[in-house]
Amino acid sequence: SVAHLNLLETASVHDVFGAGNVQALFGTSPAFWNTLLGLMAQLPSSLLSNEEMMSKLAVFSLPIVRAVDYFAGATNAMRCDVTSTRNPNLKATAIYGHENLEPCVGECVVAFCAAVLAGRVKPGVWFPEEAITSEEDVVSVLSLASCSAHTAIATGAGVDVNNGSVWGLEQSKPLVATN
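Keep in mind the model is a prediction, meaning the values are calculated, not measured. Each chain carries its own residue numbering, running from 1 in the written order of its sequence. Given that this is a predicted model, residues contribute local features only at a pLDDT of at least 70 and side-chain atom pairs are listed and counted only at 80 or more, while totals for whole chains, interfaces and linings are drawn from all residues. Water and hydrogen atoms were dropped before computing side-chain values, which therefore reflect all heavy atoms in the structure.

Enquirer: Can you lay out the overall build of the protein for me, pointing to particular residues and giving the numbers?
Expert: Each helix and strand counted, the protein has eight helices and five strands in total. Each helix and strand of the protein, ordered N terminal to C terminal, gives the series β-α-β-α-α-α-β-β-α-α-α-β-α. Its C-alpha atoms give the protein principal-axis dimensions of roughly 45 × 40 × 35 Å. Exposure classes here rest on a 1.4 Å probe applied to the protein chains alone. A residue is buried below 20% of its type maximum, exposed above 50%, and partly exposed in between. The 179 residues of the protein split such that 22% are buried. It only takes one pair of heavy atoms within 4.5 Å for two residues to be counted as in contact. Considering only intrachain contacts with a sequence separation of at least 6, the fraction spanning at least 24 residues in the protein is 52%. On the protein, roughly 12400 Å² of surface is accessible, and the fraction owed to carbon and sulfur atoms is 62%. Taken together, the 8 basic and 16 acidic charged side chains of the protein have centroids lying 4 Å from each other. The helix and strand labels rest on DSSP assignments: H or I over at least four residues marks a helix, E over at least two residues marks a strand, and numbering proceeds from the N terminus. Accessible areas in this description were obtained via Shrake-Rupley with a 1.4 Å probe; residue shielding takes into account the shown protein chains only. Only four residue types enter the charge count, namely Lys and Arg as positive and Asp and Glu as negative; His and the chain termini do not. A charge is said to be at NZ when it belongs to Lys, at CZ for Arg, at CG for Asp and at CD for Glu.

Enquirer: If you had to explain a nonpolar patch on the surface to someone new, which residues and values would you point to?
Expert: A cluster of nonpolar side chains, L57, F60 and I64, forms an exposed patch at the surface whose accessible area comes to about 280 Å². For L57, the position within the fold is in helix α4 (residues 51-72). Exposure above 30% relative accessible area and the absence of a salt bridge qualify a residue for a patch, where like charges join within 9 Å and nonpolar side chains (Val, Leu, Ile, Met, Phe, Trp, Tyr) within 5 Å. A side-chain nitrogen of Lys or Arg and a carboxyl oxygen of Asp or Glu constitute a salt bridge if their distance falls within 4 Å.

Enquirer: An account of the sheet that holds strand β5 (residues 151-157) is requested, with residue identities and associated values reported.
Expert: Two strands pair if DSSP finds at least two bridges between them. Here three strands make up an open sheet; going across it, the order is β3-β4-β5 and the pairing antiparallel. Two strands lie at the open edges of the sheet, namely β3 (76-83) and β5, each paired on one side alone. With direction set aside, neighbouring strand axes in the sheet form an average angle of 5°. For strand β4 (residues 91-98) and β5, the ladder comprises seven bridges, and the chain directions are antiparallel. Bridging from a neighbouring strand, Y96 pairs with A152 of β5. In the packing of helix α5 (residues 101-117) onto the sheet, the strands contacted are β3 and β4, and the crossing angle to β4 comes to about 115°. The axes are straight lines fitted to the C-alpha atoms, using for helices just the contacting stretch, and the angles between their N-to-C directions are given from 0 to 180°.

Enquirer: Describe the pattern of salt bridges, naming the residues involved and giving the relevant values.
Expert: Counted by the stated rule, this structure contains five salt bridges. For the salt bridge of R79 with D81, the shortest nitrogen-to-oxygen distance reads 3.0 Å. Here R79 falls in the exposed class, since its relative accessible area comes to 56%. According to the relative accessible area criterion, D81 is partly exposed, its value standing at 45%. Members of the salt-bridge network, linked through shared partners, are R120, E136 and D137.

Enquirer: Explain the packing of aromatic side chains to me, and be specific about the residues and the numbers.
Expert: Classification of ring pairs uses Phe, Tyr and Trp, with its six-membered ring standing for Trp, and accepts pairs whose centres are within 6.5 Å; under 30 degrees between planes counts as stacked, over 60 as edge-to-face, and the remaining range as tilted. Per the stated rule, a full pass over the model turns up one aromatic pair. Ring centres of Y70 and F71 lie 5.0 Å apart, and the angle between their planes is 90°; on these two criteria the pair is classed as edge-to-face. For the pair formed by Y70 and F71, the shared burial category is exposed.

Enquirer: Which residues make up the nonpolar core, and what values do they have?
Expert: A94, Y96, C104, A149, A152, A154, V166 and W167 form the largest nonpolar core, which has eight residues in total. Looking at this core, the elements that each hand over two or more residues are β4, β5 and α8 (163-167). Sequence-distant contacts of A154, that is, excluding residues within four places in its chain, are made with T93, A94, V161, N162, N163, V166 and W167. Here, nonpolar core refers to any group of buried Ala, Val, Leu, Ile, Met, Phe, Trp, Tyr and Cys residues whose side-chain atoms link them within 4.5 Å. Membership of the second largest hydrophobic core comes to seven residues, among which are A111, V121, I132 and A145.

What follows is the structure in structure tokens.
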């Protein structure tokens, strides 16, 4: 099951690319995490914005999360689907999966730092879609960011999207089952 998630990326993708409708959905396994996230979203904003209370909740819940991750796994993945109401034959999908969130984030940070050091990102604070605009630079960053991903797949219909154009790979890293 998936739920709508209000991510900053939905607004920035809309603004930068002029996309008419952008939505972010979230889903996880085991399924009770989805229910828990939905319940957390129902808490009053005054409680959610209470930094001291949320810090205590994080400290309390971390051992529980680690225990569940130990038995169920900590795999995380992202899937991006692009469709067009103007051209129903245009479809593209990219899937990125990693065994563990922490190394995944580290690899993504390194990939962006490499782009900054290479002078491919203008100085300042940017959303990724604002910072890296050339196709070559996008492929370079995504290639570095996916170096230890267990899944990196890109497909397209009616548009030139493939593993080489997205991940810089000759072939996909297939979907794999973990834990």
